[in-house]
Each structure stands twice: as structure tokens, then as C-alpha cells.
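Descriptive structure summary
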Amino acid sequence: MPLIDHALDLLVQHDMAGFVQLFAEDAVLEFPFAAPSEPKRVEGRAALAEYLRDYPNLFDVREVAAKRVHQTTDPEVSIAEFELAGIAVATQKPYRLGYVVVLTVRDGLIHRYRDYFSPLAVIDVLGVPGV
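The structure reproduced in this document is the subject of the present report. Computed from a prediction, not measured in an experiment: that's the story for all the values here. All residue numbers here refer to positions counted from 1 along the written sequence of the relevant chain. Two thresholds apply to this predicted model, a pLDDT of at least 70 for residue-level local features and 80 or more for giving and counting side-chain atom pairs, whereas whole-chain, interface and lining totals are computed over all residues. Working from all heavy atoms in the structure, the side-chain values ignore hydrogens and water.

Here we look at the environment of L29
Condition: Only DSSP runs of H or I reaching four residues or more are called helices, and only runs of E reaching two or more are called strands; each is numbered from the N terminus. Any pair of residues with heavy atoms lying within 4.5 Å of one another is described as a contacting pair.
Looking at where L29 falls in the secondary structure, it is placed in strand β1 (residues 23-30). Distance in space between the C-alpha atoms of L29 and R45 is 9.6 Å, their sequence separation being 16 residues. L29 has contacts with F23, K40, R41, V42, L48 and Y113, leaving out every residue within four places of it along the chain.

A look at the pattern of salt bridges
Our working rule: Every case where a carboxyl oxygen of Asp or Glu lies within 4 Å of a side-chain nitrogen of Lys or Arg is listed as a salt bridge. Burial here depends on accessible area, computed with a 1.4 Å probe over protein chains only, as a share of the maximum for the residue type. Under 20% is buried, over 50% is exposed, and the range in between is partly exposed.
Applying the stated rule across the entire model yields 10 salt bridges. Close ionic contact of R41 with E30 constitutes a salt bridge, the shortest N to O distance being 3.1 Å. Of this pair, R41 sits in strand β2 (residues 41-43) while E30 sits in strand β1; the two residues are 11 residues apart in sequence, bridging distant segments of the chain. Classification of R41 as partly exposed rests on a relative accessible area of 42%. E83 serves as the salt-bridge partner of R96, at 2.3 Å between the closest nitrogen and oxygen. One end of the pair, R96, is in strand β5 (residues 93-106); the other, E83, is in strand β4 (residues 77-88), with 13 residues separating them in the sequence. Among the residues examined, R96 registers a relative accessible area of 52% and is labelled exposed. For E83, a relative accessible area of 27% corresponds to the partly exposed category. One continuous salt-bridge network, built from bridges that share partners, spans E30, R41, E43, R112 and R114.

Structure, rendered in C-alpha cells:
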């Protein structure tokens with residue numbers, strides 16, 4: 001799916017503004033497995049921009065190490081499995097994190113984004129003590 005490819009390219013380029021523009025104004029992002037201190041839901045493009053503002057200061061994404069896209073019986077819904085690899089900025093530790101995302105795309109924009117990532121893997125990569 002070209003939109004998913006473009007979104008991942010923007011992450012590798014650290015272009016958060018471009019990434020956010022792929023979402024509808026009223027897009028909803030859901031993180032069912034988010035850590036207790038993190039939001040489980042982000043509503044709207046502006047809130048997404050704020051949520052991702054510091055992402056490049058946390059993760060220096062260098063490559064999409066793996067990607068597979070599955071189409072569903074609903075033409076607006078796709079499932080993307082991908083791995084991002086790079087360096088955790090604070091720890092300078094290399095990482096490779098896996099994601100499974102269910103996207104609803106309408107009129108060329110992402111309207112719903114359900115991200116099933118592992119918060120424990122993220123905590124480990126970022127070097128959060130006591131976990």
C-alpha cells in the first residue's frame with residue numbers, strides 16, 4: 001500500500017510534520033498496549049503532532065527492517081506489520097522494534113490508526129530504570 005510505504009519513509013527521514021499530514025484532521029490513534037503513563041488514545045491531527053513532537057529526540061529511526069501489508073475484506077482497512085531499526089537517542093543503544101498497525105484509510109488519509117506495539121520493548125530500549 002503506497003500510503004504505508006510513504007508513512008514509513010517519512011519516519012526514516014525524521015519528517016514528523018510530513019507524517020502527521022497523512023492523517024485526517026479528526027483521525028483517532030489508539031495504543032491498546034500503551035504503558036500506564038502513556039495515552040491510550042490520541043484524537044485529531046493537532047494532538048498527534050504534539051504527541052510526536054519529541055519522537056526524533058527519542059528514536060533515531062534509520063531503516064524499515066521488515067514490512068508486510070495485509071489487505072482485509074474492508075477496502076478501507078489494512079494491517080501493516082513492520083520493524084523499525086535505529087538508535088535510541090538517550091542510550092545510544094541500537095534497537096529493532098516490531099509493530100502491528102491496523103489502519104483505516106479514506107480519501108487518501110489515515111482516519112484510524114491502532115498501534116499494537118510492545119511498551120516493554122520500548123522501555124527497555126529507552127533505558128528506563130526499574131522495569
